[in-house]
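# Structural overview for review
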Amino acid sequence: PRMHGRGSGIWPWSCEDVLIERNRFLHARGKGDSCGIHIDFNCRDVVVQYNLSVDNEGGFVEILGNNHNCAYRYNISVNDGARVRGQAGAKQEGKILWTSGFVGKAPKNGPSNSYIYNNTIYVGPGGRSCFSLGATTQGLLIANNIFHLQGESLNVSGDQEGRVEASTFSIPRAVMENNLFLSAAAKPPGLPVHDLHTLIGDAAFRKPGGAEAADYTPGRRDLVRDRGRVITRVPGDEIGLRRGLQVERDILGRPIRGKPDLGAIEME
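Small disclaimer: the values here were computed from a predicted structure and weren't measured.

## A look at the packing of aromatic side chains
For the coordinates displayed, the defined rule picks out nine aromatic pairs. Linked through ring pairs, W13, F41 and F102 together constitute an aromatic cluster. Directly above the ring of W98 sits K95, whose terminal nitrogen or CZ lies 3.8 Å from the centroid.

Listed below in structure tokens is the structure:
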């Protein structure tokens, strides 16, 4: 009841060189934002890694405008993004993945060079999974993620403005590849990025719907083991991440050997 409508667990704003790791964010509520973690505008080099995000109605990934070289990697998201715009006063849809050029009253710009890789995203039966990629986004990598989305998947670009952005634009310097979707229907239609080498199948999690990171250990070696790509800089990005694009361990502390597996957990 003390919330003013934006209940995210934490959000850096006008910050540089920030590492947010090894936290649990659960049950955020609010009319806007309300992710476990969102990256507010005017940031640079923010890395979100090794976190567990559960039942945050605003969603999982939210990167706003004038942000540069920020990343979500090796996180696990469980049943995030359930909020429905227009219900209970909600001003925005909940979103699994959202990039926006919002910078307050200034004209929209960015974000630029955003890295979203090796995350495990689970949405159970009856849920809905919304994606929104803003038209001012420039430079984007979405790779090696597991999208285990059992309900409806929607492209809701522009919903925060009360409209849907034209589906004819494409994001420059965008790479989306080597992501595992539960089914072909789980891929939201009309995203403004060209999706390469999409994988389809059930990763067979140890305990789907659980609230612990280890519950999302995959059982399907043929779908997950060594199926990721080595993460390299987005085309045209001369910086990458200040902390480096490669990591030595997964969310459970297991070493990463050879090519990365898909998702946040390396199979033993």
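Moving on from the model shown.
## Let's talk about the nonpolar core
Counting residues in each nonpolar core, the largest one holds 31 residues, and the members touching the most others are I39, Y72, L97 and F147. At the level of elements, β1 (16-21), β3 (44-49), β5 (59-63), β8 (95-99), β10 (120-123), β11 (128-133), β12 (138-143) and β13 (146-149) are the ones that each hand at least two residues to this core. If we ignore the near neighbours within four places in the chain, the residues touching Y72 are I37, H38, I39, V48, F60, V61, E62, I63, Y115, I116, Y117 and N119. L52, Y216, L262 and I265 belong to the second largest nonpolar core, which has 23 residues in total.

## Details of unusual backbone geometry
Going from G110 to P111, the amide bond is cis rather than trans, its omega being 0°. With respect to the element layout, P111 can be found in the loop between β8 and β9 (112-117). The phi dihedral of H197 falls on the positive side, at around 50°, and the residue is not glycine. Structurally, H197 can be placed in the loop between β17 (195-196) and β18 (199-200). Overall, H197 belongs to the partly exposed group, its relative accessible area being 46%.

## Considering the sheet that holds strand β6 (residues 71-73)
With parallel pairing, the seven strands of this open sheet are ordered in space as β1-β3-β6-β9-β12-β15-β17. Strand pairing shows two members of the sheet lacking a second neighbour, β1 and β17, which therefore form its edges. Bridge count for β12 against strand β15 (residues 174-177) is four bridges, and the pairing is parallel. Note on β15: the bridge partner recorded for A143 is E177.

## Structural notes on the sheet that holds β11
The parallel open sheet is built from four strands, whose spatial order is β5-β8-β11-β14. Lying at the two open borders of the sheet, with one neighbouring strand each, are β5 and β14 (152-155). On average, adjacent strands in this sheet sit at an angle of 10° to one another, irrespective of strand direction. Strand direction decides the pairing type here: β11 and β14, joined by four bridges, are parallel. Considered in β14, the bridge of R128 is made with E152.

## Re the side chain of D215
Inspection of the secondary structure puts D215 in the loop between β18 and α1 (221-224). A distance of 3.2 Å separates a polar atom in the side chain of D215 from the backbone nitrogen of A211. In contact with D215, not counting residues within four places along its chain, are F205, R206, K207, P208 and G210.

## A short note on the pattern of salt bridges
Under the counting rule described, the total for this entry stands at 14 salt bridges. Residues D33 and R6 are paired through a salt bridge, measuring 3.0 Å at the closest nitrogen-oxygen approach. Separated by 27 residues along the polypeptide, D33 in the loop between β2 (24-26) and β3 and R6 in the segment before β1 bring together distant segments of the chain. Classification of R6 as partly exposed rests on a relative accessible area of 31%. Via salt bridges that share partners, E16, D17, D45, R242 and R243 belong to a single interconnected network.

Parameters and conventions
Residues take numbers from 1 onward in each chain, read along the sequence in its written order. The predicted nature of this model means local features are confined to residues of pLDDT at least 70 and side-chain atom pairs, given and counted, to a pLDDT of 80 or more, with totals for whole chains, interfaces and linings taken over all residues. Based on all heavy atoms of the structure, the side-chain values leave hydrogens and waters out of the count. Pairs were defined over the aromatic rings of Phe, Tyr and Trp, the Trp ring being its six-membered one, requiring ring centres within 6.5 Å. Orientation was assigned from the angle between planes: stacked under 30 degrees, edge-to-face over 60, tilted for the rest. Look at NZ for Lys and CZ for Arg. If either is within 6 Å of the ring centre and within 35 degrees of the ring normal, a charge sits over the ring. The criterion is simple. A nonpolar core is a set of buried Ala, Val, Leu, Ile, Met, Phe, Trp, Tyr and Cys residues joined through side-chain atoms within 4.5 Å. When a residue's accessible area, from a 1.4 Å probe over protein chains only, is under 20% of the maximum for its type it is buried; when over 50% it is exposed; and in between it is partly exposed. Strands are runs of DSSP state E lasting at least two residues, helices are runs of H or I lasting at least four, and both sets are numbered from the N terminus onward. Every residue pair with non-hydrogen atoms within 4.5 Å of one another is taken to be in contact. Only strands that DSSP links by at least two bridges are regarded as paired with each other. Axes, fitted as lines to C-alpha atoms, cover a helix only where it is in contact. Angles between the N-to-C directions of the axes lie from 0 to 180 degrees. In the analysis that follows, any N or O atom pair within 3.5 Å is treated as a polar contact, provided that within protein one partner can donate a hydrogen and the other can accept it, and provided that, for residues neighboring in sequence, both atoms belong to side chains. For this document, the term salt bridge refers to a Lys or Arg side-chain nitrogen within 4 Å of an Asp or Glu carboxyl oxygen.

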